[in-house]
Amino acid sequence: MKLIKIMLAASCLWAGTVLADPPKGYPFVNFDAGLKAAKASGKPIFVYFGRYGCAWCDHTNKQTFSDAGLKKLYSDHYALVYVDAESGKRLTLPSGERITEAELGARLQAFATPLFVYMTPQGEKIFQAPGFKTVKDFQDYDRYVRGGHYKQKTLLEFLGEKS
Amino acid sequence: MRAAALLLAVLAWPAHAAWTWDEALTVNSVQGAAIFPHIESANRQGVGVSGDTVGVVWEDNRDGSPQCYLATKPAAAAAFQPEVKLSTGECYEPVVVALDAGRFVAAWEEAGKVHAQVLPGGQRLQLSNTEAAQVTLALRGDALYAAWAEQAGRFRRIVVARLALTGDTLSVTSAQPVEAAMPADEQGWPALAVAGDGSVTVAWEDRRHRHTVPMTSHSRDGKSFAPPARLTDHKSGRVDGLGAGTGAMRPTLTAWGEQGIAAVWLDKRDFLSGYDVFAALDTGTRRFGKNIRVQDNFGDNMAQWHALVVGDASGKLVALWDDARDGTPDVWLSEWAGEAFGDDLAVPAAAGPGWQSDPVATLDAAGALHVVWLDRDEAAGTRIRYARAARK
């Protein structure tokens, strides 16, 4: 019996390690709380649109979000929002419309996870970027967003000038 | 030889007979830039046809909070009658099935519980005693079932109830979870169908495998359910030690033919092109066969959304969804042609410039297809649109 309990506990631990949830140690909150916090603080919003069990989300968490500098950069300067791509939980868009977290994917025409969406503090979308990203990618995106460059040029134009 | 030629002609019938569409109508009488109608529901059951009456249910926030509505129209009428409100508290994800003679059963989530009511004239019945959502219904003959996702400890699980109807009064004959054990992870979005043999099939989203997998079970008596089985035959898992598997969500079911059940869902096994529409058929064995991709190659590299399937006793089977292959979201359908789904066809009034999405549909007793969708316009407000199609 004791052995069964140990095995069950071990399987639970294993299950916990394969989840593709927000990266550990970051202050991610749900969409409504993040929008509220952004309006209050004036910080831009960073939406991590992830999927339960998503391998590329897990990879991004381990390879990129594990970076201590990136963690400080994004935790200090963004309202961090995590959205579950297949969830029926509800959120309220800046327009006042209530939709499910999964429906947000349809509205964004998301085709892959992870999908990273940058928004103004008022919840207006600046741009979205799908798939695995490096620490440098996120540092570039941060300069583009917090530097206000999105008001004058596209992300590609900004990145082209930079290189 | 003549018999073989006749058989081939019958099998090829869907490829030759086109759907002819009536003029599309607007269902909701109140629209505005800050009014947001939704027709999402478990099993996408937003429209029913009872005799010669069409009924459509939805949720919108015109009163300042989400409320559920039903609008009806005689089949031959050129407009829907003003809608009636079904709810008093915050209401979400209503569904409707058709009884006879212009009567319907609607069900919805309100204030954290699920409810059902015969319309017009019936009294509301609270189906769940604990927190519940995502209710759906299925009816065949006098067999009426409801299913919903109900809180059980940390997670929700699927409960199926047999309902009795006496006049306009509903009651719960029996209600039990599909599995007696407490859920190990989240379950939701149930779909139900009653086959010609009276058995009930249920499908739902399930996260016990640490990613979202549509599961299915069936019951001969509506009380005792078979152990759950995967609806998807694509068993994904960890990739190089990462993640848990690809996602698949929002299963829908329909009774099909004399004994069959058909399932359609959104499936991300090709994870670089968004969700695809997949189907599986149970021809009466109470086991689903191999998975079949529904949309044609023109839908490749494109995310499909809001998929559902509708069928009838004659064997007609139609899958619908929306995707933006032509630049903006349009509503598409594909019909089962015997060995595969046929070419994708746009629903004419739900295609072209603008955002047309979120189809719900039903087939009536004469085989006509009734489709309802959202036509989104941020300035003027979203219209709920309806069109009927018949074979010519």
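Here the structure is a predicted model, which means the values were calculated and not measured.

A. The arrangement of the overall build of chain B in detail. In terms of helices and strands, chain B carries 2 helices and 29 strands. The C-alpha radius of gyration computed for chain B amounts to 20 Å, which stays within 12% of the reference 21 Å derived for 392 residues, consistent with globular compactness. The principal-axis extents of the C-alpha atoms in chain B amount to approximately 60 × 55 × 45 Å. Classification of the 392 residues of chain B by burial places 53% in the buried group. Sequence-distant contacts in chain B: of pairs separated by 6 or more residues, those separated by 24 or more amount to 52%.

B. Spotlight on the overall build of chain A. For chain A, the count of helices and strands is 7 helices and 6 strands. Buried residues in chain A amount to 34% of all 163 residues. Taking the intrachain contacts of chain A between residues at least 6 apart in sequence as the baseline, contacts between residues at least 24 apart amount to 67%.

C. Representation of unusual backbone geometry. Going from Thr-113 of chain A to Pro-114 of chain A, the amide bond is cis rather than trans, its omega being 0°. Tracing the backbone through its elements, the reader meets Pro-114 of chain A in the loop between helix H5 (101–108) and strand S5 (115–119). For the peptide bond that leads from Leu-119 of chain B to Pro-120 of chain B, omega is -5°, which places it in the cis range. With respect to the helices and strands, Pro-120 of chain B occurs in the loop between strand S9 (113–119) and strand S10 (125–126). The backbone phi angle of Glu-93 of chain B is positive, close to 50°, even though this residue is not glycine. Turning to its location among the elements, Glu-93 of chain B is positioned in strand S7 (residues 91–98).

D. Structural view of the nonpolar core. Counting 144 residues, the largest nonpolar core has Ala-106, Tyr-145, Ala-146, Ala-263, Val-264, Ala-279 and Ala-319 of chain B as its most contacted members. Other than its neighbours up to four places away in sequence, Ala-319 of chain B contacts Val-264, Val-277, Ala-279, Val-294, Ala-307, Val-309, Leu-333, Ser-334 and Phe-341 of chain B.

E. Expanded view of the sheet that holds strand S6 (residues 125–130) of chain A. Residues and elements named next belong to chain A. Here 4 strands make up an open sheet; going across it, the order is S2-S1-S5-S6 and the pairing mixed. Only two strands of the sheet have a single neighbouring strand rather than two, namely strand S2 (79–84) and S6. Geometrically, the sheet is characterised by an average inter-axis angle of 20° between neighbouring strands, direction not taken into account. Sitting on the sheet, H5 touches strand S1 (45–50), S2, S5 and S6, and the angle it makes with S2 is about 100°.

F. Examining the environment of Glu-258 of chain B more closely. Residue and element names in this part refer to chain B. Mapped onto the fold, Glu-258 is located in the loop between strand S19 (248–256) and strand S20 (260–267). Accessibility expressed as a C-beta count within 10 Å gives 13 for Glu-258, which makes it partly exposed. Taking the C-alpha atoms as reference points, Glu-258 and Val-277, separated by 19 residues in sequence, lie 24 Å from one another. In contact with Glu-258, not counting residues within four places along its chain, are Gly-196 and Ala-313.

G. Inspection of the interface of chain A and chain B at higher detail. Each partner contributes residues to the interface: chain A has 24 residues there, and chain B has 26 residues. Breaking the side of chain A that touches chain B down by element, the ones donating at least two residues are helix H3 (55–63) and H5 of chain A. In terms of residue count, H3 of chain A provides more of the side of chain A that touches chain B than any other element does, 4 residues in total. By residue class, the composition of the side of chain A that touches chain B is 13 nonpolar, 5 polar and 6 charged.

Cut-off values and rules
Counting of residues starts from 1 at the beginning of each chain's written sequence and follows it residue by residue. In the order they appear in the text, chains get letters beginning with A and ligands get numbers beginning with 1. Reporting in this predicted model follows two pLDDT cut-offs: at least 70 for local features of residues, and 80 or more for side-chain atom pairs to be given and counted; totals over whole chains, interfaces and linings ignore these cut-offs and use all residues. Put simply, DSSP marks the helices as runs of H or I at least four residues long and the strands as runs of E at least two long, and each gets a number from the N terminus on. In this description the radius of gyration comes from C-alpha coordinates, and the expected globular size is given by 2.2 Å times residues to the power 0.38. With C-beta atoms placed from the backbone, a residue is buried if 20 or more other C-beta atoms are within 10 Å of its own, exposed if 12 or fewer are, and partly exposed between those counts. Each residue is represented by a C-beta atom placed from its backbone, and any two residues with such atoms within 7 Å are regarded as in contact. For this analysis, nonpolar core means a set of buried Ala, Val, Leu, Ile, Met, Phe, Trp, Tyr and Cys residues linked through C-beta atoms within 7 Å. Two strands pair if DSSP finds at least two bridges between them. All axes are obtained by fitting lines to C-alpha atoms, using only the stretch in contact for helices, and the reported angles, taken between N-to-C directions, cover 0 to 180 degrees. Residue polarity is assigned by list, with Asp, Glu, Lys and Arg as charged and Ala, Val, Leu, Ile, Met, Phe, Trp, Tyr, Cys and Pro as nonpolar; anything else, Gly included, falls into the polar class.

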